[in-house]
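Below are the chains, spelled out letter by letter.
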Amino acid sequence: MSWWNRVWNLLRREDLGRELDEELQFHIDARVRDNLKAGMTEETAQRDARRRFGNRTLAKEKTQEMNIIVAIQTVGQDLRYALRSLRKSPGFTALAVLAMALGIGANTAVFTVVNGVLLRPLPLVQPERLFLISYHPRLGPGVIAGRPGLSNHDYLEFQRRTRAFERVTAFVQDQVTMTGAGDAVRLPAARVTSSFFPALGVSPAMGRTFAAPEEERGSPRVVVLSEGLWRSRFAADPNILGNSITVDGIKRRVIGVMPAGFAFPGEAQLWLPLAVGPDASRNSFFPSAFGRLWPSVTQRQAQAELEALAPQLPWQHLMAAAGAPARTGWVVEVLPLQDLFVGQIRKSLLIFMGAVAFVLLIASANVANLLLMKGSLRRQEMAVRTALGAARSRLIRQLLTESAMLSLGGAVAGLLLAILGVRALLALAPAGIIPRIAEINLDARVIGFALGLGAVTGILFGLLPAVQATGRELRTFLGQAGHAVTGRGEGLRCVLVVSEIALTLVLLTGAGLLLKSFLRLRAVDPGFRAENVLTMTVDLPDSLYNTTVSIQAFHARTLEKLSNLPGVLAAGAVNFLPFNGVMWGFFHLYDGRPTPSGYMVDKPAVSSEYFRVMGIPLLSGRAFSDQDNSTAPRVAIISQSVARTFWPGGDALGQRITLEDHPKSGNEDWLTIVGVVDNVRQRSLTEKVHPAIYQPYAQVKKPLFLSSMTFAIRTAAQPASMATAMRGVLREVDRNQPAQSITTMTDLVAKTTAEPQFQTRLIAIFSMLALLLAAIGVYGVLACAVAERTREIGIRMALGAEKSDITRMILRSSLLLVTVGVALGVVGALAVTRVLARFLFEVKPTDLPTFLVVAALLVAVALLAGLLPARRATRVDPMVALRWD
Amino acid sequence: MRKHSNDRLQGTLDMLVLKALASQGRMHGYAITLRIEQISASVLRLEEGSLYPALHRMTQSGWLRAEWGASENNRRARYYSITPSGRKQLAEEEQNWAQLTEAVTRVLRFV
């Protein structure tokens, strides 16, 4: 009986008690029957049986006690024995525990993140009733793509008509600058409607949250602080309410402080009121929207309601009326609120989970191998004990206890490693990649996970070696008086090492593919020179700037002041900065040729210096100048892609085009092409080059295209150092207009490569870990084989074998192992790397060069790992080897 | 494994049980009682109930194997049989016993 069986027995004591009763009753009944047969009366027979049996209760209790005592003794004995055995070989124990700790530690670290990000519910009241409401074109303008949300028009309409949601609210995540309380500081913030806090079900710890009128423009400016900000920046001032703080240059009265720990959405530190109206600026043009469902309503019902309302929602009709092409495929979704933050990272995390599971498997195989080797060294002991009558089950139980202790030790060490690992992981992650960072920490679930992994792997890698070490051929082993024999143990060890190599190959291939993809991504030329460019986006409210003239005057003043700043080489402006937004549409050619259906171009409006600031090369013709003003003939500059498509002969200059959907017949709507510039990636590095037609912003007439403008300066020194000066210019021009954002161009570009970079780094680390473990595995098997074959090697050398022959012999076995492993691994990798497809850029999951390089790397490492044992083999002294035993 | 050398009486009971099972094969507790009565010619009389803690202890120690079976008159009864390590234990006990009795005899002869 194994000891866990015994422990189990203890747990089902009641059953055992009933069985014992039955056993004792049988004894008494049998005695009564014999007594009756001997001629006693029924009564005497009963009495005699009871007298002979003695105190039945006592017998029962003593028996049960006996079971418990023996159980405890055996468990204790097994544990003592295991400990003693592990202490006897500290090198082995340390190696095994280290391998398990690495495997379990990596898994626990990733699980800790998964737990915090994906598994833990949001720290809100009944988060399971909170759902995002999303309705947008499948391939929308860049400003809204890839994020659940809803246009301002649709939000207002849906809010009015929904029956499924108890409350609907909207918010926009933002970054703001706070000044006046210590150093100026950039803080994550959120602009929220007045229904935001009630929908979440949170009340402020002090003061109040927003009232509906405060959403409106021109109302008194207010702000709600997080408890953390209140504590760190305002020394937890109990009289803070009613005081003013400066946010993005605007004084706002503090009306409330939220309770500790509340930082939704993201890591928001302060909340500003958001106005969602039909005339909203870009800020609230496409907010995130969510609502709290009525208790009896399911997600499915809410989804059905949104789908039913969707055709009546106004935005699509407004867009169509404004001449926008009708787009097919609108996305109608009701999603758990959590998806807003974890949508992007979920797939990555699951892939990390898969990768570390591989590492754990490899570590387990390594420990199993160590145990097998140890087992083969202990065969003598096992054989002797078997001969002396020890049951095989007892020996297996003891070996299993040993491996269970190893993996438990590994689990505890792994847990400690995981604590460091999580920190390293978060440090490696570019800012903003991992959501809900505050919730990533050790909890009962994580500890349970680590210990559970320990238990499972302990049995997994312990069972095979235990069965092996106590195998039936032990008796024959004893007969050979301890001569070294190679038996099934070696075969099994080879199988394990081959699997290790195969698993490592899969991981390495994944890492190789990601790395190649990342390098390709990094090598992509965005079409502009991002270094030393600082950008500032300003959204002008249409309440104050409602004419083209007033807007253009603002821009001209700002540009002039910016270009006069010391350290600024050039200053330009664009309404849709690359990597920061896009406006696209159709255009027509003057010569009446049709543009291919679906052919759309980006339509940036730029200042004359824009191309110089951004370092976009002018390929032919001229750049815009200040003479291209509203009264001059209208001009355009096209990207090379447009030029190649329509004027492959290179005669684009002087041609006429229009960007209007319904151009008037006169000259008014027609633009003359004066220049061709290089292609620019407008959205991200991964997208295909998109054709673009540039106009001078002074010739753009609709305020809608001008009210949001990004100013860009090329600086002589560190661009970030110019941020304050840039903000100062804005204040001089109009002290009431805050910057939406101030970012260097390199940061904007880096943001788009942050996730692949993180993935690549992490998978590379995991696969290096796997490679190390596999190398140790190969080394271990060969070293053990050499030790076991010392005699054979001695004989070979005595018979005249050269050292090089011996080396070759050992390396050949190493090569055989790695070849079989690589072959299996390639098959596995072909099957598995497909999951990476959506993360790969211009690399196929079956990329041959990657496979070749990875296989070559593995072979090299395996040969290197085999070199040490091979050298040891050549140092075998034939005389010593032959005299063994 | 538990040492019983200084617990002669218990050791004796163990030995008797093991001996009975070694010679007779599979038996239930009552049959073991009858067998011990028989071989000791009723000299060793013990409370029959005290047999059971011993049977269970020896089962847990791996000397005996226990399983449920049908009795002669078709009732469910727990049957015991001796295991290889039980036989080993028996041999040890017999040897100890022989040494002890020999020693006692020798002492008695020289006193």
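Just so we're clear, the structure is a prediction, and the values are computed from it rather than from any experiment. Residue positions are given per chain, counted from 1 along the sequence in the order it is written. Chains carry letters from A onward and ligands carry numbers from 1 onward, assigned in written order. Per-residue local features are limited, in this predicted model, to residues with pLDDT of at least 70; the limit for side-chain atom pairs, both in listing and counting, is 80 or more; totals at the level of whole chains, interfaces and linings are taken over all residues.

Peer 1: I'm lost on the interface of chain B and chain A in this one. Help?
Peer 2: A common way to express how large an interface is: the accessible area buried when the components associate. Counting from both sides, the interface comprises 21 residues of chain B and, opposite them, 23 residues of chain A. To qualify as a helix, a DSSP run of H or I must reach at least 4 residues; to qualify as a strand, a run of E must reach at least 2; elements of each kind are numbered from the N terminus. For the side of chain B that touches chain A, the secondary-structure elements that each account for two or more residues are α2 (29–39), α3 (51–60), β3 (76–82) and α4 (84–110) of chain B. Considering each element in turn, the side of chain B that touches chain A owes the most residues, five residues, to α3 of chain B. Classification used: nonpolar for Ala, Val, Leu, Ile, Met, Phe, Trp, Tyr, Cys and Pro, charged for Asp, Glu, Lys and Arg, polar for all others including Gly. Residues that form the side of chain B that touches chain A fall into these classes: five nonpolar, nine polar and seven charged. Two residues form a contact once the distance between their C-beta atoms, set from the backbone, is within 7 Å.

Peer 1: Looking at this model, I keep getting lost on the pairing of strand β21 (residues 693–696) of chain A. Mind explaining?
Peer 2: Residue and element names in this part refer to chain A. In β21, alternate side chains face the same way, and those of Ile693 and Gln695 on one face and Tyr694 and Pro696 on the other are all buried. Strands pair, by our definition, only if DSSP identifies at least two bridges between them. In this sheet, β21 lies alongside strand β16 (residues 605–606) in parallel orientation, the contact comprising two bridges. Note on β21: the bridge partner recorded for Val606 is Pro696. Relative to β21, strand β18 (residues 635–639) runs antiparallel, the two being bridged by two bridges. Residue pairing in the sheet places Ile638 in a bridge with Ile693 of β21. Buried residues are those with 20 or more other C-beta atoms within 10 Å of their own C-beta, exposed residues have 12 or fewer, and partly exposed residues lie in between; C-beta atoms are placed from the backbone.

Peer 1: Which parts of the structure should I look at to understand the packing of helix α17 (residues 548–563) of chain A against helix α20 (residues 723–733) of chain A?
Peer 2: A packed helix pair is summarised by two numbers, namely the angle formed by the two axes and the spacing between the axes. Residues and elements named next belong to chain A. Where α17 meets α20, the closest approach of the two axes is 10 Å, and the angle between their N-to-C directions is 140 degrees. With respect to each other, α17 and α20 are oriented oblique. For the pair α17 and α20, the crossing hand works out as right-handed. Here Phe554, Arg557, Thr558, Lys561 and Leu562 of α17 lie close against α20, whose contacting residues are Met726, Val729, Leu730, Glu732 and Val733. Split by residue class, the contact of α17 with α20 holds six nonpolar, one polar and three charged. To obtain each axis, a line is fitted to C-alpha atoms, and for helices this fit is confined to the stretch in contact; angles are then taken between N-to-C directions over 0 to 180 degrees. Convention used here: angles under 35 degrees read as roughly parallel, angles over 145 as roughly antiparallel, angles from 65 to 115 as roughly perpendicular, and any remaining angle as oblique. Note on convention: near helix rotated counterclockwise from far helix by under a right angle means a left-handed crossing. Clockwise means right-handed.

Peer 1: Would you take a moment to explain the environment of Leu771 of chain A for this structure?
Peer 2: Residue and element names in this part refer to chain A. Looking at the secondary structure, you find Leu771 in helix α21 (residues 745–788). In this structure Leu771 comes out as buried when scored by C-beta crowding, with 23 C-beta atoms within 10 Å. Sequence spacing of Leu771 and Leu857 is 86 residues, and the spatial spacing of their C-alpha atoms is 9.6 Å. With near-sequence residues (within four places) excluded, Leu771 lies in contact with Thr504, Leu508 and Val861.

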